[in-house]
Amino acid sequence: MSIEIRAPGAPQFPLPFSHALRAGDFVYVSGQVGVDPQTLELAGDSIEAQTEQCIRNIETILKEAGLTLDHVIKVHTTLGDIQDSPAYNATYEKLFRKPYPARTTVQAGLGKYRIEIDVVAYAKSRRGETE
């Protein structure tokens, strides 16, 4: 059985998806983009600004589930332009702590968005802790 997680502080889009679903000890967060949750406007034109806002939106959803970024075990990132990879990596490295989650990064058309990220979090442990 899965339980829907709706985060009032996360962007609210009129689309058919949940912010996240909890299935047992796992939380699956839907893809988030770099928009301000209140205005749905882009956080900025740069990949750095959009990446930071995107991850902050994920953090808001995880908080609603009682988790943090340290619970994230898998990250899937879609970049609108693979040339943004170095700047994305630099921002990512500032927001996630070692050991970093497993990660996949691909390029696809995202329209006005430069980035979209979805994650899987595991509630039973935090990265870096021994089980």
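Cut-offs applied
Residues numbered from 1 in each chain as written. Predicted model: local features only at pLDDT ≥ 70, side-chain atom pairs only at ≥ 80, totals over all residues. Heavy atoms only, no water. Phe/Tyr/Trp six-rings, centres within 6.5 Å; stacked < 30°, edge-to-face > 60°. Buried < 20%, exposed > 50% of the residue type's maximum accessible area, 1.4 Å probe, protein only. Lys NZ or Arg CZ within 6 Å of the ring centre and 35° of its normal. Core = buried A, V, L, I, M, F, W, Y, C linked by side-chain atoms within 4.5 Å. Helix = DSSP H or I, 4+ residues; strand = E, 2+ residues; numbered from the N terminus. Contact = heavy atoms within 4.5 Å. Pairing = 2+ DSSP bridges. Salt bridge = Lys/Arg side-chain N within 4 Å of Asp/Glu carboxyl O. Arc of directions from axis to C-beta. Axes fitted to C-alpha atoms, helices over the stretch in contact; angles between N-to-C directions.

Undergrad: What's the story with the packing of aromatic side chains in this structure? I'm lost.
TA: Centre-to-centre distance and the angle between the planes together describe a pair of aromatic rings. For the structure on display, the rule yields 5 aromatic pairs. A ring pair is formed by Tyr 92 and Tyr 100, whose centres lie 6.2 Å apart and whose planes are at 50°; its orientation type is tilted. The partly exposed category is assigned to Tyr 100, whose relative accessible area is 33%. Within the aromatic cluster, the residues linked to one another by ring pairs are Tyr 88, Tyr 92, Phe 96 and Tyr 100. Cation over ring: Arg 103 sits above Tyr 92, and NZ or CZ is 4.6 Å from the ring centre.

Undergrad: I tried to follow the nonpolar core on my own but got confused; where do I start?
TA: Val 27, Val 29, Leu 62, Val 72, Val 75, Tyr 88 and Ile 117 are the most contacted members of the largest nonpolar core, which has 27 residues in total. When residues of this core are traced back to their parent elements, those giving at least two are β3 (26-33), α1 (47-64), β4 (72-79), α2 (85-95) and β6 (115-122). Discounting residues that sit within four places of it in the chain, Val 75 has contacts with Tyr 88, Tyr 92, Phe 96, Pro 101, Ala 102, Arg 103, Thr 104, Ile 117, Asp 118 and Val 119.

Undergrad: When you look at the pairing of β3 in this model, what are you seeing that I'm missing?
TA: Looking down a regular strand, the side chains alternate between one sheet face and the other. Strand direction decides the pairing type here: strand β2 (residues 20-23) and β3, joined by 4 bridges, are antiparallel. When the bridges of β3 are listed, Ala 20 appears paired with Val 29. Relative to β6, β3 runs antiparallel, the two being bridged by 6 bridges. Within the sheet, the bridge partner assigned to Tyr 28 lies in β6 and is Val 120.

Undergrad: Hey, could you run me through the side chain of Gln 32 in this one?
TA: Relative to the assigned elements, Gln 32 resides in strand β3. Once residues within four sequence positions are removed from consideration, Gln 32 is found in contact with Pro 11, His 19, Cys 54, Asn 57, Ile 58, Ile 61, Ile 115, Glu 116 and Ile 117.

Undergrad: Which parts of the structure should I look at to understand the pattern of salt bridges?
TA: Working definition: two side chains of opposite charge can pair if their charged atoms are close together. For the structure on display, the rule yields 5 salt bridges. Among the salt bridges present, the one from Glu 4 reaches Arg 6, with a minimum N-O distance of 3.8 Å. Asp 84 is the salt-bridge partner of Arg 114, the closest N and O atoms lying 2.8 Å from each other. With a gap of 30 residues between them, Arg 114 in the loop between β5 (102-107) and β6 and Asp 84 in the loop between β4 and α2 connect regions that are remote in the sequence. On the basis of relative accessibility, which here comes to 10%, the residue Asp 84 falls in the buried class. Connected via shared salt-bridge partners are Glu 52, Arg 56 and Glu 59.

Undergrad: Just to check I follow, could you spell out α2 for this structure?
TA: Residues spaced three or four apart along an α-helix face the same direction, because each turn holds 3.6 residues. Turning to α2, its buried residues number three or more, namely Ser 85, Ala 87, Tyr 88, Thr 91, Tyr 92 and Leu 95. End-on view of α2: buried residues confined to an arc of 160°, all on one side of the axis. Opposite the buried face of α2, at more than 90 degrees from it, the exposed residues are Pro 86 and Lys 94. Taken together, the buried residues of α2 touch α1, β4, β5 and β6.

Undergrad: Please explain the sheet that holds β3 as it appears in this structure.
TA: By definition, the strands of a sheet pair up through backbone hydrogen bonds, in either a parallel or an antiparallel sense. Strand order in this open sheet of 6 strands is β1-β2-β3-β6-β4-β5, and the pairing throughout is mixed. One side of each edge strand has no neighbouring strand; the edge strands of this open sheet are β1 (2-5) and β5. In this sheet, neighbouring strand axes are inclined to one another by 15° on average, regardless of whether the strands run parallel or antiparallel. In this structure, β1 lies alongside β2, joined through 4 bridges in antiparallel fashion. Directly across from Glu 4, in β2, lies its bridge partner Leu 21. On the sheet, α1 packs against β1, β2, β3, β4 and β6 and is oriented at approximately 150° with respect to β3. Sitting on the sheet, α2 touches β4, β5 and β6, and the angle it makes with β4 is about 150°.

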